[in-house]
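Below are the chains, spelled out letter by letter.
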Amino acid sequence: MFHIAICEDDGASRSYEEELVRSWARDHQYKVTVDTYCSAEQFLFEAEDRQEYDLLVLDIQMGDMNGMELAAKLRAGGTRAAILFLTGVPDYALEGYEVGAVRYLLKPLKEEEFLELLDVLFEKAMQARRRFYLFEQGANVCRIPLSDIVYMEARGHYVCMHTVSEKLEWKAVFSAATEELAGENFFLLKRGLLVNLEHVEKITRTDCLLDQGDLLPVSRERYRELNEAFIAYYRRQAD
């Protein structure tokens, strides 16, 4: 899921920007959420209890607190979101770099330019996520480096993640919680049990020994495929 916030005090502009984002998401069949705010103050009041955003689209010229001041406050609070400024005045470049803005777009907004930038920012976010696993617990988002994940298992209605340093558990459907790891260095040993090949030390016909000392069962029908995946993984590391 890609989370976007739009903070724009002009109602017509806000609606236009939101529709552009939603249309872009539909066209690409991306899973995107869009929250809109009419002021920096509203953003600070309401966004605190919402998920961390991937992209902030901020109008610079707003009321008592402008978009630049909002961005500085959010950066000071630790936000890692990409920031895109919209402005009718091209005089904020230096300040923008100070808060890590990724780009400025001048108003009136050009649809093609905006959508092309969304493509770029979305791809960058997806590339970053491929190196981390993100999961949400209420309003909190946890980010785990993929290399730290040893294995994940289903426990009833919960998912349990075993990492190199801790064990995390949250309520979720196992297949939904692990689908984003498809294509990464992970292998499904059996239903409800996913292992990181990076942490596999030895494979037998019945078990999989991990570098942490854990011994995981391997289903008979998956043994050959596991061997092939394990060999392919280490060949990739040698390239």
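Residues numbered from 1 in each chain as written. Predicted model: local features only at pLDDT ≥ 70, side-chain atom pairs only at ≥ 80, totals over all residues. Heavy atoms only, no water.

Right, let's talk about the overall build of the protein for a bit. Across its full length, the protein carries seven helices and 15 strands. With the C-alpha coordinates of the protein rotated into their principal frame, the extents come out at 65 × 35 × 30 Å. Evaluated residue by residue, the protein yields a buried proportion of 43% over its 239 residues. Once local pairs closer than 6 in sequence are excluded, the contacts in the protein between residues at least 24 apart make up 51%. When the 28 positive and 43 negative side-chain charges of the protein are each reduced to one mean point, those points stand 9 Å apart. (Helix = DSSP H or I, 4+ residues; strand = E, 2+ residues; numbered from the N terminus. Buried < 20%, exposed > 50% of the residue type's maximum accessible area, 1.4 Å probe, protein only. Contact = heavy atoms within 4.5 Å. Lys, Arg positive; Asp, Glu negative; His and termini not counted. Charge placed at Lys NZ, Arg CZ, Asp CG, Glu CD.)

In this section: the nonpolar core. Within the largest apolar cluster, 23 residues are counted, with the highest numbers of intra-cluster contacts made by Phe2, Ile4 and Leu55. Per-element tally for this core: the top contributor is helix 5 (residues 111-129), with seven residues. Those residues in contact with Leu55, other than ones at most four positions away along the chain, are Phe2, His3, Ile4, Ala5, Ala81, Ala82, Leu84, Leu118 and Leu121. Counting 19 residues, the second-largest nonpolar core is a separate cluster that includes Ile60, Met65, Leu70 and Phe85. (Core = buried A, V, L, I, M, F, W, Y, C linked by side-chain atoms within 4.5 Å.)

This paragraph deals with the sheet that holds strand 10 (residues 167-171). Here five strands make up an open sheet; going across it, the order is 10-9-8-12-11 and the pairing antiparallel. Two strands bound the open sheet, and with one partner strand each, they are strand 10 and strand 11 (186-190). On average, each strand axis in the sheet is inclined to that of its neighbour by 20 degrees, with strand direction left out of account. (Pairing = 2+ DSSP bridges. Axes fitted to C-alpha atoms, helices over the stretch in contact; angles between N-to-C directions.)

Our next topic: the sheet that holds strand 15 (residues 215-217). Ordered by their spatial adjacency, three strands build an open sheet running 13-14-15, and the pairing between neighbours is antiparallel. Looking at which strands have only one partner, the edges of the open sheet turn out to be strand 13 (200-203) and strand 15. Pairwise comparison of adjacent strand axes, ignoring direction, gives a mean angle of 25 degrees for this sheet. Relative to strand 14 (residues 207-210), strand 13 runs antiparallel, the two sharing three bridges. Residue pairing for strand 14: Lys202 is matched across the bridge by Leu209.

Right, let's talk about the side chain of Thr178 for a bit. With respect to the secondary-structure elements, Thr178 resides in helix 6 (residues 174-178). Thr178 sits in the buried class, given a relative accessible area of 12%. When neighbours within four sequence positions are excluded, Thr178 is seen to be in contact with Tyr133, Met152 and Leu194.

A contiguous patch of negative charge on the surface is contributed by Glu111, Glu112, Glu116 and Asp119. With respect to the helices and strands, the residue Asp119 is situated in helix 5. The class for Asp119 is partly exposed, based on a relative accessible area of 31%. (Patch = residues over 30% accessible without salt bridge, like charges linked within 9 Å, V, L, I, M, F, W, Y side chains within 5 Å. Areas by Shrake-Rupley, 256 points an atom, 1.4 Å probe, with all protein chains shown as cover. Salt bridge = Lys/Arg side-chain N within 4 Å of Asp/Glu carboxyl O.)

Our next topic: the packing of aromatic side chains. Tallying each qualifying case throughout the model produces eight aromatic pairs. The interplanar angle of 65 degrees and the centroid separation of 5.2 Å between the aromatic rings of Trp24 and Tyr30 together place this pair among those described as edge-to-face. Relative accessible area serves as the criterion here: at 27%, Tyr30 is assigned to the partly exposed category. Aromatic side chains Phe85 and Tyr104 sit 5.5 Å apart centroid to centroid with 35 degrees between the ring planes, which places their arrangement in the tilted category. Taken together, the residues Phe85 in strand 4 (residues 82-87) and Tyr104 in strand 5 (residues 101-106) connect sequence positions 19 residues apart. Residue class for Phe85 comes out buried when judged on its relative accessible area of 0%. Note on Tyr104: relative accessible area 22%, which makes it partly exposed. In this structure an aromatic cluster arises from ring pairing among Phe2, Trp24, Tyr30 and Phe122. Sitting above the plane of the Phe132 ring, Arg143 keeps its charged end 4.0 Å from the centroid. (Phe/Tyr/Trp six-rings, centres within 6.5 Å; stacked < 30°, edge-to-face > 60°. Lys NZ or Arg CZ within 6 Å of the ring centre and 35° of its normal.)

Here we come to the pattern of salt bridges. Applying the stated criterion to the full structure yields 10 salt bridges. The shortest N-O distance in the salt bridge between Lys107 and Asp59 comes to 3.0 Å. Taken together, the residues span a long stretch of sequence, with Lys107 in the loop between strand 5 and helix 5 and Asp59 in strand 3 (residues 55-59) at a distance of 48 residues. Residue Lys107 is classed as partly exposed on the basis of its relative accessible area of 29%.

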